[in-house]
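What follows is the residue order along each chain.
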Amino acid sequence: MNAATQPSTLKRNITNPLVVDALILVGLGLLAMAAFYVTPEFAANLPQDGVDFAVPAVNLLERGQYVLTAFGHSFPPQHPFGMSLLLVPVYALCGHALGNGIYAILLCALGTIALTYFIGVKLGGRSCGIFAALFLITNYGFWQYSQKIMSEVPSTFFATAALALSLSIRDRKRPALTCFAGGVAIGFMVAIRYDSIMMMAPALLMLWEGPWTDRLRRAAFIVLGLAPWIISLAIYHEIRFGSPLRTGYSLYTTGYKDSAHPMFSTRYITTSSFLRTREIEARFTGMVEGNGFFYAKSLLTETDTTRVLGHPLYWQLPGRTIYQALALFRTALGIVGFLACLPAWRPNYFRQRFLLWSVTSLLVTVSLYWVYFWQEERFLMRLVPLFCLANGIGISELFARWNARAVRAALIVIPSALIAVFAFYNWQMGFPNGNDLHLYETLTQAARQMESNAVVVTNFDPFRIDAYLIHHTERLAVPLVPDKGVSLFISGTSTQTSFHPFVALEHPERLQELLDSGRPVYWLINNPWSGQPFSEFNALQKSFRLRVLATASVNGGDDQPYFGRIHELPKEH
């Protein structure tokens, strides 16, 4: 009797909705792990703003201070404290090696995939959830930033969590608590990225239904969840920067003060952002478009971050035209999905709410970055799960409208093949140039060859130099050129205060003093990887005898020196 009932019990367990969802999530999680996982050593290269998040988190654990360090001084980071707070538990559990922070990013990526699946199930069934999650896993931008200690994926996770909470309010016995949780999610997101405050617009709009008392109560609980984070940020800004409205950016840039090049301007819609044009090489300035064209093309590829519709020099790998066609096809599926929400506006509550959230999020995000001085596709990362969910709705809607087996089979095979091709392209493209994939290995190898009291003359980023070469030693870093020092706008002043000891090329006699004192002096330059001419190295060689200790070959070129020791001034000096 027991043996006869075992198969039916097993069948009931397998068809149990919770078991099915769990099995699907395990499969999606394993696929995402295989696609996203990178070693802590790889993550320790800390590209872009990574150092501004990881180093303060470790300093918070080791010193109890939320600071960056360089040249023997401590500095407030540019960014708010939320990202570092997110990393602190991981560093506490896994160790203080900076690359370990990638585990927090991976957890946020997996959480976003799971939330996308569950939202997709509400919007169009399990097929919608599965395809939405797969499109998210194979989105190049989401894939790339799931492998970097950056704020894009964590803020995307909390934005998706806020959407999931908003959609579940009708299913909850205590909607006020759900609203409060949504406010907390948005609040922590603001502590990660200031621009996340925009997510209050779709959140409040989603809840603005029913009697006025219900509307006000929901809004009040969202604000109640948000308020502690906003107040904490205001107090932090007041203590560190002298005003609740002044942020860490005011220390490092004149963007708040420069009337000729303001941080926000409508002219950036049609003309390339001034910093982008000013800082890149002249031969690349024609590649940069106004924000209007730039973000329109980004949206056409669902914020892919490959700039696949931009200037050809951005992407010179084979298959560009194929990828363009596939990306546009993927976007077409999303458009079908968004359009399918319109006739379901009244009968389908979830699709109505999803469309309202998506349109509002898109409008407020693009409206801000149209007039912002800097342009990057990653600024739209929070919209990517919405596009992926629309893709899933599009597939499920087409699947529901055609009953023929052949058509239904094609509707499964074609998107599956599309997802597989995107996964292949992600693997083929890897990371774009400029992500400093050599940095961790270069700095740690140099550190192994230096004495604990060595002096290093370098044009690497000073905060990374401090983290990997100076940390816990008596070493001294000296910038090779002025723009590799640290100069800040203190207390809202219009002139910078310098915090580096001196600039090597401007004061070679001070290097000689260090040599005369008996301290070993080394040089370490980033020129082989940056593609910049060796003018700085040559200028240093005119004043000192340089010994080469390490060289690098970049893109199959000749070996070029990047690390060595300074011995003495020539006799004639």
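Residues numbered from 1 in each chain as written. Predicted model: local features only at pLDDT ≥ 70, side-chain atom pairs only at ≥ 80, totals over all residues. Heavy atoms only, no water.

### Considerations on the packing of aromatic side chains
Centre-to-centre distance and the angle between the planes together describe a pair of aromatic rings.
For step 1, the next point in the chain: Following the criterion strictly, the structure yields 28 aromatic pairs and no others.
For step 2, the next point in the chain: Look at F338 and F354: their rings are 5.9 Å apart centre to centre, the planes differ by 5 degrees, and that puts the pair in the stacked class. Taken together, the residues span a long stretch of sequence, with F338 in helix 16 (residues 320–341) and F354 in helix 17 (residues 349–370) at a distance of 16 residues.
For step 3, the next point in the chain: Judged by centre distance (6.3 Å) and plane angle (70 degrees), the rings of F373 and W374 are edge-to-face. For the residue pair F373 and W374, the accessibility class agrees, reading buried in each case.
For step 4, the next point in the chain: Above the plane of the ring of W212 lies R215, whose end atom (NZ or CZ) is 5.0 Å from the centre.
For step 5, the next point in the chain: Its guanidinium or amino end placed over the ring of F422, R330 lies 4.2 Å from that ring's centre, counting from NZ or CZ. (Phe/Tyr/Trp six-rings, centres within 6.5 Å; stacked < 30°, edge-to-face > 60°. Helix = DSSP H or I, 4+ residues; strand = E, 2+ residues; numbered from the N terminus. Buried < 20%, exposed > 50% of the residue type's maximum accessible area, 1.4 Å probe, protein only. Lys NZ or Arg CZ within 6 Å of the ring centre and 35° of its normal.)

### Overview of the pairing of strand 4 (residues 476–479)
For step 1, the next point in the chain: As judged from the four bridges shared by strand 3 (residues 455–458) and strand 4, these two strands associate in the parallel manner. Counterpart to V456 in the pairing with strand 4 is A477. (Pairing = 2+ DSSP bridges.)

### Observations concerning the sheet that holds strand 3
For step 1, the next point in the chain: Pairing in this open sheet of five strands is mixed, and the strands run 4-3-7-9-8 from one edge to the other. With one partner strand each, in any of the chains shown, strand 4 and strand 8 (546–553) form the two edges of the open sheet. Shown here is a sheet whose adjacent strand axes are inclined to one another by a mean of 25 degrees, direction ignored.
For step 2, the next point in the chain: Two elements, strand 3 and strand 7 (residues 521–524), share four bridges in a ladder whose sense is parallel. If you follow T458 over to strand 7, its bridge partner there is L524. (Axes fitted to C-alpha atoms, helices over the stretch in contact; angles between N-to-C directions.)

### Quick look at helix 10 (residues 175–192)
For step 1, the next point in the chain: For helix 10, spanning 18 residues, the distance from its first C-alpha to its last is 26 Å, which sits close to the expected 26 Å at 1.5 Å a residue.
For step 2, the next point in the chain: Here helix 10 lies mainly inside the structure; 13 of its 18 residues are buried. (Expected span 1.5 Å × (residues − 1).)

### Here's the deal with the confidence of the model for the chain
For step 1, the next point in the chain: The pLDDT averaged across the chain works out to 87; a share of 91% of its residues lies at or above 70.
For step 2, the next point in the chain: When mean pLDDT is taken per element in the chain, helix 6 (residues 102–124) scores highest with 96 and helix 1 (residues 2–15) scores lowest with 57. (pLDDT = per-residue confidence, 0-100.)

### As for the pattern of salt bridges
For step 1, the next point in the chain: One pass over the full model with this rule turns up 14 salt bridges.
For step 2, the next point in the chain: Across the salt bridge formed by R330 and D304, the nearest N and O atoms sit 2.8 Å from each other. One end of the pair, R330, is in helix 16; the other, D304, is in the loop between helix 15 (291–300) and helix 16, with 26 residues separating them in the sequence.
For step 3, the next point in the chain: Residue class for R330 comes out buried when judged on its relative accessible area of 1%.
For step 4, the next point in the chain: With a shortest N-O distance of 2.9 Å, R351 and E397 are connected by a salt bridge. Of this pair, R351 sits in helix 17 while E397 sits in helix 18 (residues 384–401); the two residues are 46 residues apart in sequence, bridging distant segments of the chain. (Salt bridge = Lys/Arg side-chain N within 4 Å of Asp/Glu carboxyl O.)

### Thoughts on the nonpolar core
For step 1, the next point in the chain: Counting 160 residues, the largest nonpolar core has L469, L511, L524 and I566 as its most contacted members.
For step 2, the next point in the chain: Not counting chain neighbours up to four residues away, the residues in contact with L511 comprise V457, F502, A504, V521, L540, F544 and I566. (Core = buried A, V, L, I, M, F, W, Y, C linked by side-chain atoms within 4.5 Å. Contact = heavy atoms within 4.5 Å.)

### A few points about the packing of helix 16 against helix 18
For step 1, the next point in the chain: Two numbers describe how helix 16 lies on helix 18: the axes approach to 6 Å, and their chain directions differ by 75 degrees. When the axis of helix 16 is compared with that of helix 18, the two are roughly perpendicular. Seen from helix 16, the contacting residues are R330, L333, G334, V336, G337, F338, A340 and C341; seen from helix 18, they are L386, F387, A390, N391, I393, G394, I395, E397 and L398.
For step 2, the next point in the chain: Residues that form the contact of helix 16 with helix 18 fall into these classes: eleven nonpolar, four polar and two charged. (Parallel < 35°, antiparallel > 145°, perpendicular 65-115°, else oblique. Nonpolar A, V, L, I, M, F, W, Y, C, P; charged D, E, K, R; others polar.)

### Topic: the side chain of T112
For step 1, the next point in the chain: Locating T112 in the fold gives a position in helix 6.
For step 2, the next point in the chain: Under the relative-accessibility criterion, T112 is labelled buried at 0%.

### Comments concerning the environment of W374
For step 1, the next point in the chain: Looking at where W374 falls in the secondary structure, it is placed in the loop between helix 17 and helix 18.
For step 2, the next point in the chain: Separated by 265 residues in the primary sequence, W374 and A109 place their C-alpha atoms 25 Å from one another.
For step 3, the next point in the chain: At 3.0 Å, the side chain of W374 and the side chain of E376 are in polar contact. (Polar contact = N/O pair within 3.5 Å; in protein donor to acceptor, adjacent residues only side chain to side chain.)

### Structural notes on the environment of Y117
For step 1, the next point in the chain: The residue Y117 is located in helix 6 in this model.
For step 2, the next point in the chain: When the C-alpha positions of Y117 and P385 are compared, they lie 9.8 Å apart, and in sequence the two are 268 residues distant.
For step 3, the next point in the chain: Once residues within four sequence positions are removed from consideration, Y117 is found in contact with D21, I24, L25, L28, R126, G129, I130 and A133.

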